[in-house]
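Fold and contact review
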Amino acid sequence: MAKDPLAEAGFYFDELNKLRVLEPDVSQKTTELKEECKEFVDKIGQFQKIVGGLIEMVDELAKEAETEKMKAIGARNLLKSVAKQREAQQQQLQALIAEKKMQLESYTISLINKKIFLDYISLKKNQFPKLISVK
């Protein structure tokens, strides 16, 4: 088979009979690679759009979660505060009950002393006329 002198010199004719420097199959593979690269770049662009949307959605969810977390912390702190207030109120009421019990005991003792005194006076009144009549 006779070698083409142009091919040996590195010149080739394409399907449109244009003179080319690359071999036809290398030129075809280069064109295919160029098309594949373009498709790849398009897919990467679509992927970036999808990922960008996903990142925005995750950021919004994170903000909402942080807001709910802060609300929960606030509610927990409020609950603790209410519990401490109730505990303080309970202690105040217990102190008031103890004070009132002591007051009641004091009044009871005072009443008993007065009753004893009145009984004593009544007894003395009853005995005084007897003493006078005996003399």
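Residues numbered from 1 in each chain as written. Predicted model: local features only at pLDDT ≥ 70, side-chain atom pairs only at ≥ 80, totals over all residues. Heavy atoms only, no water.

**A look at the overall build of the protein**
Looking only at helices and strands, one finds 2 helices and 2 strands in the protein. Starting at the N terminus, the α and β elements of the protein follow one another as α-β-β-α. Buried residues in the protein amount to 2% of all 135 residues. On the protein, roughly 13100 Å² of surface is accessible, and the fraction owed to carbon and sulfur atoms is 63%. (Helix = DSSP H or I, 4+ residues; strand = E, 2+ residues; numbered from the N terminus. Buried < 20%, exposed > 50% of the residue type's maximum accessible area, 1.4 Å probe, protein only. Areas by Shrake-Rupley, 256 points an atom, 1.4 Å probe, with all protein chains shown as cover.)

**Remarks on the confidence of the model for the protein**
Averaged over all residues, the pLDDT of the protein is 87; the fraction at 70 or higher stands at 84%. No element of the protein has a lower mean pLDDT than helix α1 (residues 5-8), at 67, and none a higher one than helix α2 (residues 24-134), at 91. (pLDDT = per-residue confidence, 0-100.)

**Here's the deal with a nonpolar patch on the surface**
Among the surface-exposed residues, L54, M57, V58 and L61 lie close enough to one another that they form a single nonpolar patch of about 380 Å² accessible area. Residue position: L61 is located in helix α2. (Patch = residues over 30% accessible without salt bridge, like charges linked within 9 Å, V, L, I, M, F, W, Y side chains within 5 Å. Salt bridge = Lys/Arg side-chain N within 4 Å of Asp/Glu carboxyl O.)

**Observations concerning the pattern of salt bridges**
According to the stated counting rule, one finds 2 salt bridges in the structure shown. In this structure, the salt-bridge partner of K38 is D42, at a minimum N-O distance of 3.5 Å. Of the two residues, K38 and D42 both sit in helix α2, 4 residues apart, roughly one turn of that helix. Note on K38: relative accessible area 56%, which makes it exposed. Judged by relative accessible area, D42 falls into the partly exposed class, the value being 41%.

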